[in-house]
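One-letter residues, chain by chain:
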Amino acid sequence: MHTKGKPLAPEIELDTLASGTPGFTGADLANLVNEAALLAARRGKKIIEQDELEEGIMRVVAGPEKKARLLSEHERKITAYHEMGHALVGHFLDHTDPVHKITIVSRGQALGLTISLPTEDRYLTTRTTLMHQMAMTLGGRAAEEIVFHEVTTGAANDLEKVTSTSKQMIMRFGMSEKLGPRVLGRSHDMPFLGRDYGAEADYSEEIAREIDDEIRRVIEEAHEQALAVLREHMDELHQISQILIERETIDRDQFERLLAGEAEGSVFPEEKPVEEAPPKPVEEPRRERQPRPRPFPLPGATMQPPPDPAKG
């Protein structure tokens, strides 16, 4: 429905496109196709190809590229290792979504992105899945700790996500063995005030301390899991991070081929420049000889007899 009237390339399959965008609303899909159509028009194309659709997905998920944001070489290196930490942890843990794309090109507020897309719509999530997702989220900070022996502010959003997830696991989903299967805190669902303002504590200060301890334990468990995965795959971390610094973007197929041990040269074949034919010499148009104007006779010249050559 959203591609109706849009000139798609014949090799694009809508079923494949739909499988790569689970969870997208109708408005998201319409925005994706419109972005791809605009990109194709700007590039002088008459049809929408896969490259434009991929960029459309990235724009819907993370926003347009911030090409004016220039990073130093050291910051680019930190960002590359950070994103590769996310990707490797997500790849080697079983209950995470497949890595779709890794990039150190800034989009929105992020200096780099690791996009993982689910293969199907899911409505239930297990505790193991939540733990693996948190480990992948903390993979960037874990990579910074291992490689640079330092942490940066780049993991601020990651920490917000894992704190929110672990808090819901303990207080809402009853996933704490220590506190048991119960909901802690009553929520009156006041969206205009914010959920935190609408929540009411129905537990003692002692239970509140236990909640804090459990939240910290869950986060540290996910953090240790991320560190363990990266320490086991240090060679891949260093190798592919260097490739990411040079290439800036690695998609799912390229990432999996690099992990399988394929050489960089075969994964990223160099595009041969198209040899342009020498310009043909332009022939100058021949100039037609214009007839010379005949001199206008002087008054009385026609009345005089022609000169006699014998007298000369």
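Bear in mind that the values here come from a model prediction, so they are computed numbers and not experimental data.

This part covers the overall build of the protein chain. For the protein chain, the helix and strand inventory stands at 12 helices and 5 strands. For the protein chain, the proportion of its 312 residues judged to be buried stands at 36%. If you take every contact in the protein chain between residues at least 6 apart in sequence, the share linking residues at least 24 apart comes to 67%. For the protein chain, the computed accessible surface area is about 21300 Å², with 52% contributed by carbon and sulfur atoms.

For the largest pocket, the calculated volume is near 980 Å³. Lining the largest pocket are 35 residues, with His82, His86, Asn157, Asp158 and Lys161 positioned closest to its centre. Only helix 4 (73-92), strand 2 (113-116), helix 5 (127-137) and helix 7 (156-171) provide two or more residues apiece to the lining of the largest pocket. The element that contributes the greatest number of residues to the lining of the largest pocket is helix 7, accounting for 7 residues. For the lining of the largest pocket, a count of residues per class yields 12 nonpolar, 16 polar and 7 charged.

Here we take up the sheet that holds strand 1 (residues 99-103). Strand order in the open sheet formed by 3 strands is 2-1-5, with antiparallel pairing between adjacent strands. On the outer flanks of this sheet lie strand 2 and strand 5 (249-251), each paired with one strand and no other. Pairwise comparison of adjacent strand axes, ignoring direction, gives a mean angle of 10° for this sheet. Two elements, strand 1 and strand 5, share 3 bridges in a ladder whose sense is antiparallel. Across the sheet, residue Thr103 finds its bridge partner in strand 5, namely Thr249.

Quick look at unusual backbone geometry now. We note that His149 has phi near 55°; this positive angle belongs to a residue other than glycine. In this fold, His149 is placed in the loop between helix 6 (139-148) and helix 7.

On average, residues of the protein chain score 83 in pLDDT, and 78% of them are at 70 or above. The low-confidence segment residues 273-277 (pLDDT under 50) makes 0 contacts with residues lying over four places distant or belonging to another chain.

Here we take up the packing of aromatic side chains. Enumeration according to the criterion identifies 1 aromatic pair in this entry. Their ring planes at 85° and their centres at 5.6 Å tell us that Tyr81 and Phe148 sit as a pair that is edge-to-face. A residue pair is termed long-range when its members are at least 10 positions apart, and Tyr81 in helix 4 and Phe148 in helix 6 qualify at 67 residues.

Let us now look at the pairing of strand 1. Judged by how many residues are buried, strand 1 sits mostly within the fold: 5 of 5 residues are covered. Across 4 bridges, the pairing between strand 1 and strand 2 is antiparallel. Following the sheet pairing, Ile102 is matched in strand 2 by Thr114.

The next subject is the environment of Pro64. Locating Pro64 in the fold gives a position in the loop between helix 3 (50-62) and helix 4. Between the C-alpha atom of Pro64 and that of Gly108, which follows or precedes it by 44 residues, the distance is 6.8 Å. When residues no more than four places from it in sequence are discounted, the contact partners of Pro64 are Arg59, Ser106, Arg107 and Gly108.

To continue, consider the nonpolar core. Counting residues in each nonpolar core, the largest one holds 47 residues, and the members touching the most others are Met84, Val89, Ile211, Ile250 and Phe255. Counting only elements with at least two residues in this core, the list comes to helix 4, strand 1, helix 5, helix 6, helix 7, helix 9 (205-232), helix 10 (234-247) and helix 11 (252-259). At 10 residues, helix 9 tops the list of elements feeding residues into this core. Once residues within four sequence positions are removed from consideration, Met84 is found in contact with Ile102, Leu237, Ile240, Ser241, Leu244 and Phe255. Formed by 10 residues, the second largest nonpolar core is a distinct cluster that contains Ile12, Phe24, Val33 and Ala36.

Okay, the packing of helix 7 against helix 9 next. Two elements in contact, helix 7 and helix 9, have axes whose closest approach is 9 Å; the angle formed by their N-to-C orientations is 125°. Classified by the angle between their axes, helix 7 and helix 9 sit oblique to one another. Note on packing geometry: the crossing formed by helix 7 with helix 9 is right-handed. Between helix 7 and helix 9, the contacting residues are Val162, Thr163, Ser166, Lys167, Met169, Ile170 and Met171 on the first element and Ile211, Glu214, Ile215, Val218 and Ile219 on the second.

What counts and how
- Residues numbered from 1 in each chain as written.
- Predicted model: local features only at pLDDT ≥ 70, side-chain atom pairs only at ≥ 80, totals over all residues.
- Heavy atoms only, no water.
- Helix = DSSP H or I, 4+ residues; strand = E, 2+ residues; numbered from the N terminus.
- Buried < 20%, exposed > 50% of the residue type's maximum accessible area, 1.4 Å probe, protein only.
- Contact = heavy atoms within 4.5 Å.
- Areas by Shrake-Rupley, 256 points an atom, 1.4 Å probe, with all protein chains shown as cover.
- 1 Å grid on protein atoms, 1.4 Å probe; cavity = no way out; pocket = protein on both sides within 12 Å on 5 of 7 lines; lining within 4 Å.
- Points joined across faces, edges and corners; volume = space filled by probe spheres on them.
- Nonpolar A, V, L, I, M, F, W, Y, C, P; charged D, E, K, R; others polar.
- Pairing = 2+ DSSP bridges.
- Axes fitted to C-alpha atoms, helices over the stretch in contact; angles between N-to-C directions.
- pLDDT = per-residue confidence, 0-100.
- Phe/Tyr/Trp six-rings, centres within 6.5 Å; stacked < 30°, edge-to-face > 60°.
- Core = buried A, V, L, I, M, F, W, Y, C linked by side-chain atoms within 4.5 Å.
- Parallel < 35°, antiparallel > 145°, perpendicular 65-115°, else oblique.
- Left-handed = near helix turned anticlockwise from the far one by under 90°.

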